[in-house]
Amino acid sequence: MDNSPIKDNIAKQINSNFDFRKLLAAVLSGWYWFVLALIVAGACSFLYLRYETPIYSIRSTLLLEDKNDVSQDVLKALGPNKEKSDVNIYNEIFQLRSQDLVLRAVDSLNLNVHYYVQGRVKENEIYAETPIELVFDSAGFTGGGARDLQVEQSSEGIFNVTDEETKQNFRVPFDTWTDAHFGRYKIVYHKGPKVNPGYLSREIRVHLEPASVMVGAMLASYKVAPTDGRTSMLDLTNTDNVPERGVDFQNTMLKLYQRDELANAELKAERTREFIRNSLQDLESQLKNTDIKVSNIKSQNGVVDVGSQAGAYVTAKSAVEQQIDQLETQRRVVGMLRQSVQNTNSGIAGLPIDDPSLLALVAEYNNALSQLEHFSSPEFPKLSGERQAAENNLASVRKRIMDAADKVTASIDVRLRAASATASDYTGKLSSVPILDRSIKDVQRSYETKNSLYLMLYQQQLENEITASSITNKSKIVVAPYSSGGPISPIPKMVYLLAVVAGIALPLSVFAVRELLNNKLGNEGDITNLTEIPVLGSISNNNSGQDIVVGESIRTGIAEQFRLVRANLDFMSSGVEHKKVVMITSSISGEGKTFVTINLGLTLAIAAKRVIILEFDLRKPKISERLHLSREGGISGYLADMCGLDKVIKPSGIHNNLFVANCGPVPPNPAELLLLPKNRQFFEELQEMFDVVLIDTAPVGMVSDAFILSQFSGVNLLITRQGRTVKEHIRMLQMIWKEGKLNNAAIIFNGVEHHKRYGYGYGYGYGYGYGYGYGYGGNGQGYYEDDPKDSKSFLGRFFKKKKRSKKKADA
C-alpha cells in the first residue's frame, strides 16, 4: 500500500501554522476527557500503590579505628618507625560484604525461610507477625531448589504440612523433629510483641530456598561504601520489602563482624605473649651462664678486680668487640627468624632487627598466617578457594623473608669480617694484658647486649598484657540500623504526581496531535490563509434539524446570517453580466450546498423578489426530496425536449415568491445534456420571468457541471463547511479561481460552531464521490453522499444531555 499521499499530507499539516486558539477551544470543549483521564489515572495509581509490594531502605553508619592491632604495634615499637598505620578501609568493606559473613547472618536469622498469608486480593509476606517458625537442624535446608509448604494448625500443637511439589501431607507435632527429603526440621511457636495469633487459624505458605540463593539475593541489595574521602566511616545500606527483616540483617552483620574483630585481636595478643615469653626465658638462661662463668674465673684465680692494665687498648678493643657482639646477635636473630619461618607456622614478634624491610615482611608474615588460620577454622567449610589463596600468600611471604634474611646475613658477615680484623689488631697490642682479665672480658663480651634486649622484651611483655586486657572493637556503630519511614519504591507522592501529569498530558497530547494533523476547516481564518477568494458570510450550524431556518417572523441568529449574505450578494451582483443568475456549488458533497440554496432562495423571496431555484445537481438531486415536490417533468426532461417549461417550474410550497425547477429523471449523460443549445434558451427565459435565478449544481471538485453552468451565472458561491471541507480543497478552489474558471466567486462558510472539536483525516476519500455506469433513473445513483453525523463521543453526548436536563429543570 502506497502511503506517500498520507505522508505528504502530514508533512503539509506539520509545516503549517499551529493554531493554539483552536487547541484551547478543543480542550475547553473536551474538558470531560481530562476529568475522566485524571479519575482513571488516580484509580490506577491507587490500585498500584495498594497492591504493589513496597520496598524500604535500611541504613547504618560504622566508624573504623586502628587501635587494637597488637602484634603490629609490638613490631613497630621494636623497629625505628613507631607511627601507627592507617586502617585499610577497603579491606574492611570486603570483610563486611564477604559471602561467609552474609551466610552466617542468613543462617543465624533463618532468612531462607519465608512466610506468606493470603490477603483479600494478594498474598502478603509476614516476618515479625508470623506465629510459627520452621527450624532446621545444623545441616540446614537440603532440598536443592526452592520449595513451598502449606502449614495449617489443625489443633493445638498439631500442624498439617503439605508439600506443594509432591502433594504429600504430613501431621507434624509442635517442637518435634521431623525427617523429610529436604532436611530435618521442626515447627515451633514464634514469640514476640508483634506476633499475630490470628494467623494460626489460617493457612500459612512457607517458602524454602537454599541459603546460597538467599546469600546472593542479600548481596544484590547490600552495599557498603565510604561515607566520604575524609573519614574512616562506612555507610551500610540494603533494601527489603519487610523493614524489620532488613534491620535484623544489618544488626546481625555488625554483631558478627565485631565478634570476629575481638577474636582476631585476642588471637594476635596471645601469640605475641607466647613469643615474648619464650624469648625472655632464652635470654635469662644466657645471662645466668655468663654470670656463672665470670664468678668461676674470679674464684679460681682469687681475683676481685683485674684493674686497668688494658688502658686505652682495652677500651678501643671493647668497642670493636661490642660491635662484633651486636653483629653476631643480629646474625643469630636473623638465623632464628629464618629457621622459625622455615620450620614452624607460629607468629613472630620482638626481633631486635634494624632492617626496616625485614620488619615489614615479618608483619606481613604474621598477617598472612592470621588470615590462613582464619580461613582454616571449622566455621568456614565452604571457603576452600580463600584458604588456598591464603596458603599461597603465606608461602610467598615465607620465601621473601628467607631471601631477605640471607641478604641481611651476608651483609652482617661482611661487617663481621671487618670488625674481626680490627679486633685482631687490638689483640696483638694487648699481649701484655694478663690472661685473667682477658678471659673475664671474653666471657662478658655479649652480656650488656643481652641484658638490654631482656629489659626491652620485659617492657613489651607488660605493654602487651595491658593492651590485651583492654581489647575493644576497632569499629564503632555511629548510627544503628534503621528503616526509612516510608517506602523508597513506589513513592506515593511521585506515583500520584505522575498520574496527574499523565491524566493531563495524555488528553492534551491527543488534542494537540489531532489539531496538528487536522486537515479540515476549523474557522474563517483557515480560509483566508489558504485563498484570496473573499468570504461572503458565515452560517452557523443548524442544530434544529429542520431544512427551513428562515422566515418572515424568524429572528434567529442563523436567519440574520442569511439576511447578511443576501445584502452582500446584492453588492457582488451589481454591475456584472447575468447578475440575476447565482450559481451555488461546493468542493465536495455534504457541505450544505442544498441547505444554503433553499434558505438563501427563501431569504431573497421574503425580500419581495421572484426567485427560482434550479435543481441542476442532475446526478443526485436533493431539493425536490426535501421540499416534497413531484419529480415528473423537470430540467432533464425540458432539455431533452420531453416536456415544456410549464412542467419544469413548480411552486416551492413554502413562499409565494419562491419557485423550483426540479431536476426530473436522472439522465445518464448530465454533462452532455448541459451543453445542448436549449440550455442557453432555458436561462434566457428564466431571467425574463424571475428576479433571481439560483443554480444548485454538483460539486466543482467532482465533475465539470459547474464549469459549464458558470457561463450563465454572474455570481458563483462556493459552499464550505466547518469540520467537513478539507483544506486541500480550498487550495483547489483557489487554483480554479486563479485560472478564471469561476469568475466573481465568493465563499460561504457553513455549519460554524464555536469551540468545537473538528474531525481529522487524510486524503480525499470520505465515503462519497461520483461514478458512472451504476444505473440511471429516478434513484439518483450517479454519486452519493453521507450526511455528516454528530462526531461527538459518547461522553460528549452524555455530558451535553446532562446540561440540557439541568437547564430544563431550572426552567
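Residues numbered from 1 in each chain as written. Predicted model: local features only at pLDDT ≥ 70, side-chain atom pairs only at ≥ 80, totals over all residues. Heavy atoms only, no water.

Participant: I would appreciate a short explanation of the overall build of the protein in the present structure.
Facilitator: Across its full length, the protein carries 24 helices and 23 strands. Burial analysis of the protein (811 residues in total) assigns 46% to the buried set. Summarising the internal contacts of the protein: among those between residues at least 6 apart in sequence, 79% fall at separations of at least 24. On the protein, roughly 41,200 Å² of surface is accessible, and the fraction owed to carbon and sulfur atoms is 53%. (Helix = DSSP H or I, 4+ residues; strand = E, 2+ residues; numbered from the N terminus. Buried < 20%, exposed > 50% of the residue type's maximum accessible area, 1.4 Å probe, protein only. Contact = heavy atoms within 4.5 Å. Areas by Shrake-Rupley, 256 points an atom, 1.4 Å probe, with all protein chains shown as cover.)

Participant: Would you mind going over the pattern of salt bridges with me for this structure?
Facilitator: Counted under the stated rule, the structure contains 26 salt bridges. The partner of K474 in a salt bridge is E92, and the shortest N-O contact between them spans 3.0 Å. Here the residue K474 occupies a position in the loop between α13 (447–469) and β13 (475–483), and E92 occupies one in helix α5 (residues 89–96), the gap between them amounting to 382 residues. Put simply, D175 and K186 hold a salt bridge, and the shortest N to O gap is 3.2 Å. (Salt bridge = Lys/Arg side-chain N within 4 Å of Asp/Glu carboxyl O.)

Participant: For this particular structure, what's the right way to read a nonpolar patch on the surface?
Facilitator: A contiguous nonpolar surface patch, about 470 Å² in accessible area, is contributed by F46, L47, Y51, V121 and Y496. Element by element, the count of residues in the nonpolar patch is highest for helix α3 (residues 31–51), at three residues. Examined against the element boundaries, Y496 turns out to sit in helix α14 (residues 492–516). (Patch = residues over 30% accessible without salt bridge, like charges linked within 9 Å, V, L, I, M, F, W, Y side chains within 5 Å.)

Participant: So what exactly am I meant to see when it comes to the nonpolar core here?
Facilitator: Soluble globular proteins tend to bury their nonpolar side chains together. Within the largest apolar cluster, 43 residues are counted, with the highest numbers of intra-cluster contacts made by I612, L614, F616, F682 and F683. For this core, the leading source of residues is strand β21 (residues 745–752), giving four residues. If we skip the residues at most four places from it in the chain, F683 touches V581, L614, F616, I695, L709 and F712. (Core = buried A, V, L, I, M, F, W, Y, C linked by side-chain atoms within 4.5 Å.)

Participant: In this structure, what is going on with the sheet that holds strand β8 (residues 178–180)? I would like to understand it.
Facilitator: Backbone-to-backbone hydrogen bonds join strands into a sheet, with any given pair of strands oriented parallel or antiparallel. Read across the sheet, three strands follow the order β4-β9-β8 without closing on themselves; strand pairing throughout is antiparallel. Edge positions in the sheet fall to β4 (132–136) and β8, since each has one partner strand and no second. Direction aside, the axes of adjacent strands within the sheet are offset by 35° on average. When β8 meets strand β9 (residues 183–189), the two strands line up antiparallel, connected through three bridges. By the bridge assignment, D179 is partnered in β9 with R184. (Pairing = 2+ DSSP bridges. Axes fitted to C-alpha atoms, helices over the stretch in contact; angles between N-to-C directions.)

Participant: Which parts of the structure should I look at to understand the environment of F159?
Facilitator: By the secondary structure assignment, F159 is in strand β6 (residues 158–163). A C-alpha to C-alpha distance of 9.8 Å links F159 and L200, two positions 41 residues apart in sequence. With residues near it in sequence (within four places) discarded, F159 still touches I132, V151, E152, Q153, S154, F170, R171, V172, F174, I187, Y189 and L200.

Participant: Would you explain helix α6 (residues 99–109) in this entry?
Facilitator: For the α-helix, the turn length of 3.6 residues means that residues three or four positions removed from each other point alike. Looking at α6, one finds that the buried residues are D100, L101, V102, L103, R104, A105 and V106. Once α6 ends, the next one or two residues include N110, with phi positive near 60°.

Participant: Help me understand the packing of aromatic side chains, please; the structure alone is not making it clear to me.
Facilitator: For any pair of aromatic rings, geometry is given as the distance between the ring centres together with the angle between the planes. In the structure shown here, the tally under the stated rule is 18 aromatic pairs. With a centroid separation of 5.8 Å and 55° between ring planes, the pair formed by F159 and Y189 is classed as tilted. With F159 in strand β6 and Y189 in strand β9, the pair connects residues that are 30 residues apart, well separated along the chain. Here F682 and F683 contribute two aromatic rings whose centre-to-centre distance is 5.9 Å and whose plane-to-plane angle is 70°, an arrangement assigned as edge-to-face. With relative accessibility at 0%, the residue F682 sits in the buried group. (Phe/Tyr/Trp six-rings, centres within 6.5 Å; stacked < 30°, edge-to-face > 60°.)

Participant: Before we go on, may I ask you to explain the confidence of the model for the protein in this structure?
Facilitator: In low-pLDDT regions, the fine details of the predicted coordinates are not to be read closely. On average, the protein scores 80 in pLDDT, and the residues at 70 or more come to 81%. For the protein, strand β22 (residues 769–770) is the element with the lowest average pLDDT, namely 34, and strand β10 (residues 204–208) is the one with the highest, namely 95. Long-range and interchain partners of residues 9–16, a stretch whose pLDDT sits below 50, account for 13 contacts in this model, where long-range means more than four residues apart. Taken together, the stretch residues 757–792 has pLDDT below 50 and engages in 92 contacts with residues farther than four places along the chain or on a different chain. (pLDDT = per-residue confidence, 0-100.)

Participant: It is not clear to me how the packing of α6 against helix α7 (residues 211–221) should be interpreted in this structure. Could you clarify?
Facilitator: Packed helices, taken two at a time, are described by the angle between their axes plus the distance between the axes. Closest axis-to-axis distance for the α6/α7 pair is 9 Å, and the angle between their directions is 115°. It follows that α6 is roughly perpendicular to α7 by the angle criterion. α6 and α7 meet at a crossing whose hand is right-handed. Counting all contacts with α6, which are made through Q99, V102, L103, V106 and D107, the residues of α7 involved are A211, M214, V215, M218 and L219. A class-by-class count of the residues in the contact of α6 with α7 yields eight nonpolar, one polar and one charged. (Parallel < 35°, antiparallel > 145°, perpendicular 65-115°, else oblique. Left-handed = near helix turned anticlockwise from the far one by under 90°. Nonpolar A, V, L, I, M, F, W, Y, C, P; charged D, E, K, R; others polar.)

Participant: Is there a simple way to explain the sheet that holds strand β14 (residues 535–540) in this structure?
Facilitator: Taken together, the eight strands give an open sheet; going across it, the order is β14-β21-β20-β15-β19-β16-β18-β17, and neighbouring strands pair in mixed fashion. Where the open sheet ends on each side, the last strands, each with one partner, are β14 and β17 (649–651). Looking at each pair of strands side by side, their axes are set apart by 25° on average, direction ignored. Here β14 pairs with β21 via four bridges, running parallel. Residue pairing in the sheet places S538 in a bridge with F749 of β21. Packing against the sheet, helix α17 (residues 593–606) makes contact with β14, β15 (581–586), β16 (611–616), β18 (658–661), β19 (692–697), β20 (715–721) and β21, and its axis sits at approximately 175° to β19.

Participant: Can you help me understand the side chain of E591 in this one?
Facilitator: Examined against the element boundaries, E591 turns out to sit in the loop between β15 and α17. Despite being buried, E591 has no salt bridge partner; R724 is the closest side chain of opposite charge, sitting 6.6 Å away. Within the structure, the side chain of E591 is placed 2.9 Å from the side chain of S587, a separation counted as a polar contact. (Lys, Arg positive; Asp, Glu negative; His and termini not counted. Polar contact = N/O pair within 3.5 Å; in protein donor to acceptor, adjacent residues only side chain to side chain.)

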